[in-house]
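Structural characterization, general
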Amino acid sequence: VRLGVEEATNSSTARVAMYGASVRIAGDHFPVGVGFGRFGSAQSANPYSPIYVQYGLDGIDGLSPANSAFIGDAYWAGVLGETGALGALGLIVFSASLAVASWHAARRTYRDPLAIAFTLGAWMAFVHALVETTASTMFDSPPRIYLLFGAVALALALSRAEVIRREAAPPDSARG
């Protein structure tokens, strides 16, 4: 389904409003936000959260009680609004740790070329997912997130197995 120009403009306006409101919410409810299911998530749309009214978002097309189609279009805004600075910082640290670990796994030398391709692909998919979270609920989508984190976990396991294999191998000088 293609969005028309007006729908794309409305979703952008809603997303910008959500990010702005999330920063205000994080400041007003420092350090823990307004709580789960109250801002930026599907649960906050039904029943409609009073937080949207409190921060003046109820008049924006796509964020109103009658049309809440864009409430989930700003994942990081939802994280910041619902869990505050502590929750957002925790997710940033977690995501950065996985990105760095999967990058190291992708740069490791493997005997099997398939392992090289898989670990690089897992890292690329994770980076893509992080970028996608700025405009979608990638981390709230069970099928996609299970596949993504499963691939990253497998890449990290391949990397660890390679480290163990190298540590168990006799040194070159002992090979005769």
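Before any of the text, the structure's been laid out above.
Residues numbered from 1 in each chain as written. Predicted model: local features only at pLDDT ≥ 70, side-chain atom pairs only at ≥ 80, totals over all residues. Heavy atoms only, no water.

1. A closer look at unusual backbone geometry
As a reminder, the rule being used: The helix count covers DSSP runs of H or I at least four residues long, the strand count covers runs of E at least two residues long, and both are numbered beginning at the N terminus.
In this structure, Pro 31 follows Phe 30 across a cis peptide bond, with omega equal to 0°. Its location among the elements puts Pro 31 in the loop between α1 (5–28) and α2 (50–54). Residue Pro 47 follows Asn 46 across a cis peptide bond; omega there is 0°. Position of Pro 47 among the secondary structure elements: in the loop between α1 and α2.

2. Looking at the nonpolar core
What counts, and what does not: Here the nonpolar core consists of buried residues drawn from Ala, Val, Leu, Ile, Met, Phe, Trp, Tyr and Cys, with membership extended through side-chain atoms lying within 4.5 Å. Relative accessible area decides the class of each residue, using a 1.4 Å probe on protein chains only: under 20% of the type maximum gives buried, over 50% gives exposed, and in between gives partly exposed. Two residues form a contact once any of their heavy atoms are found within 4.5 Å.
With 18 residues, the main nonpolar core has Met 18, Phe 39, Tyr 52, Leu 57 and Leu 63 as its most contacted residues. Those elements that provide at least two residues to this core are α1 and α2. In terms of residues, this core owes the most to one element, α1, which gives 5 residues. Not counting residues up to four positions away in its chain, the partners in contact with Tyr 52 are Met 18, Arg 38, Phe 39, Gly 40, Ser 41, Ser 44, Leu 57, Asp 58 and Ile 71.

3. Focus: a nonpolar patch on the surface
So the rule is basically this: In this scheme, patches are assembled from residues that exceed 30% relative accessible area and form no salt bridge. Like charges are connected within 9 Å, while nonpolar side chains (Val, Leu, Ile, Met, Phe, Trp, Tyr) are connected within 5 Å. The Shrake-Rupley method, run with a 1.4 Å probe sphere, supplies the accessible areas, and residue values consider only the shown protein chains as cover. Salt bridges, as used here, are contacts in which a Lys or Arg side-chain nitrogen is within 4 Å of a carboxyl oxygen on Asp or Glu.
Taken together, the side chains of Trp 103, Leu 120 and Met 124 make up a nonpolar region of the molecular surface, amounting to roughly 270 Å² of accessible area. In this structure, Met 124 sits in helix α4 (residues 113–132). Take Met 124: its relative accessible area is 47%, and that puts it in the partly exposed class.

4. Focus: the packing of aromatic side chains
Applied cut-off: Centres within 6.5 Å are what make two rings of Phe, Tyr or Trp a pair, Trp counting through its six-membered ring; a difference in plane orientation under 30 degrees is then read as stacked, over 60 as edge-to-face, and the rest as tilted.
Within the structure shown, the criterion is met by 8 aromatic pairs. With 6.0 Å between their ring centres and 45° between their planes, Phe 94 and Phe 149 make a pair best called tilted. Of this pair, Phe 94 sits in helix α3 (residues 75–107) while Phe 149 sits in helix α5 (residues 142–168), and the two are 55 residues apart along the sequence. Relative accessible area serves as the criterion here: at 24%, Phe 149 is assigned to the partly exposed category. Every member of this aromatic cluster is reached through a ring pair, and the members are Tyr 75, Trp 76, Phe 94, Phe 126, Phe 139 and Phe 149.

5. Considerations on α4
Quick reminder of the rule: How far a helix is expected to stretch is found by multiplying one less than its residue total by 1.5 Å. This arc is built from the directions going out from the helix axis to the C-beta atoms. We call two N or O atoms a polar contact when they sit within 3.5 Å, provided that within protein one can donate a hydrogen and the other can accept it, with sequence-adjacent residues counted only if both atoms are side-chain atoms.
When the terminal C-alpha atoms of α4 are compared, their 28 Å separation across 20 residues agrees well with the 28 Å that a helix rising 1.5 Å per residue should span. Of the residues making up α4, those classed as buried are Ala 115, Thr 119, Ala 122, Phe 126 and Ala 129. With its buried residues spanning 90° around the axis, α4 presents them on a single face. For α4, exposure combined with an orientation more than 90 degrees from the buried face picks out Pro 113, His 128 and Val 131. Along its buried surface, α4 packs onto α3 and α5. The backbone nitrogen of Leu 114 has a side-chain oxygen 3.1 Å away, supplied by the residue at the start of α4, namely Asp 112.

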